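# Report on the structure
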Amino acid sequence: MNNGHRHDAIVVGAGHNGLTAAAYLARAGWRVRVMERRPVIGGCAVTEALWPGFRVSRASYVAGLLRPVVIRELQLGDHGLELLPRDPASFTPEPDGPGLLLGPDRAANCAEIRRYSRRDAQRYPEYERLLERIAVTLDPWLDAPPPRSLAHALPLLAAGARRLGRELPRAWRLLRGAAGPILEAWFESEPLRVTLATDAIIGAWAGPSSPGSGYVLLHHVMGETGGQRGVWAYARGGMGAISAALASAARAAGATIRCEAPVARIRTRHGRVVGVTLVNGEEIDAPVVVANADPRRTLLDLVGASALPRSLRE
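Residues numbered from 1 in each chain as written. Predicted model: local features only at pLDDT ≥ 70, side-chain atom pairs only at ≥ 80, totals over all residues. Heavy atoms only, no water.

Of the regular secondary structure elements, the protein holds 12 helices and 16 strands. In terms of overall dimensions, the protein has C-alpha extents of about 70 × 55 × 35 Å along its principal axes. Taken across its 314 residues, the protein has 39% of its residues classed as buried. Intrachain contacts of the protein at a sequence separation of at least 6 include 60% that bridge at least 24 residues. Carbon together with sulfur atoms contributes 55% to the accessible area of the protein, which is approximately 17400 Å² in total. (Helix = DSSP H or I, 4+ residues; strand = E, 2+ residues; numbered from the N terminus. Buried < 20%, exposed > 50% of the residue type's maximum accessible area, 1.4 Å probe, protein only. Contact = heavy atoms within 4.5 Å. Areas by Shrake-Rupley, 256 points an atom, 1.4 Å probe, with all protein chains shown as cover.)

Listed below in structure tokens is the structure:
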């Protein structure tokens, strides 16, 4: 069965990334439809009542990497989003001590760290300044289109290198290396190392000695709330409030969202996308399909291995 109604784009999955894409495409004048397999939107950014009377953030639990430009351009505050800065940011308990409490106040953090090491308390502001300097250098790239070629990327890289100056070698080690050895070189107290290393491994299938964990550590510092870098936040109403605001912005721009509509296949013809087929057999046409699913599921399961080049399949 074909419904005969054509869209400019179909978004598979109403997770926060899919909803963001839908909102921007609809704002650009595209006719957009979002297909979500579950009865609720949000994907991993969802608030659900898992027990009677208790609503919780079921997967994602804290916000910080939602880009300020997205909040501003989609006017998410007008659609009900309220972010509450996380203060304190972390607490590391100890069996025989008060534990280490860190938050957005640098002076208070240094006072906490001083109980373990005066040297670490003196070095901590320098460590934070280095991370902030790297983050400020990289931050504009996150909102810019990827360079079309190495030739286009070189001026950006050169500008970043000039901005970092003598800090470039330390920045390079952090971006490419493991967080553990870097933190051990900076600090001597184990509670502080452990606390900071948490940001290098949380949400990643890696340990602090894994190459690449240094970038994960830096990426957490790149988060911000209300213009404060490194400050993460809770969404009032749980993480589902972020998805609800994104969905509201998408609908206000003209997008439609359909729940309990699982996509079985992304249809192609002569090497081009032509639409999707739902599990119930319904076909919906569109020349563009945006998949909020992971790459493996999108390409191998929804598009199908037979439609892909061998190198991509492998």
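Another aspect to go through is the nonpolar core. Among the nonpolar cores identified, the biggest contains 30 residues, and Leu19, Val32, Leu74, Leu76, Leu81 and Ile242 are the most heavily contacted of them. Listed by contribution, the elements that provide at least two residues to this core are β2 (9–12), α1 (16–27), β3 (32–35), α2 (68–73) and α10 (240–252). Here this core takes seven residues from α10, the largest share from any one element. With near-sequence residues (within four places) excluded, Leu81 lies in contact with Leu66, Leu76, Ala235, Ala241, Ile242 and Ala245. Of all hydrophobic cores here, the second largest spans 28 residues; its members include Ala135, Leu196, Ala197 and Ala200. (Core = buried A, V, L, I, M, F, W, Y, C linked by side-chain atoms within 4.5 Å.)

Take the side chain of Thr195 next. With respect to the secondary-structure elements, Thr195 resides in helix α8 (residues 190–201). Of the polar contacts made by the side chain of Thr195, one reaches the side chain of Thr92; its length is 2.5 Å. (Polar contact = N/O pair within 3.5 Å; in protein donor to acceptor, adjacent residues only side chain to side chain.)

Okay, the environment of Val40 next. With respect to the element layout, Val40 can be found in the loop between β3 and β4 (47–51). The class for Val40 is partly exposed, based on a relative accessible area of 29%. Aside from chain neighbours lying at most four places away, what touches Val40 is Val46, Glu48 and Cys259.

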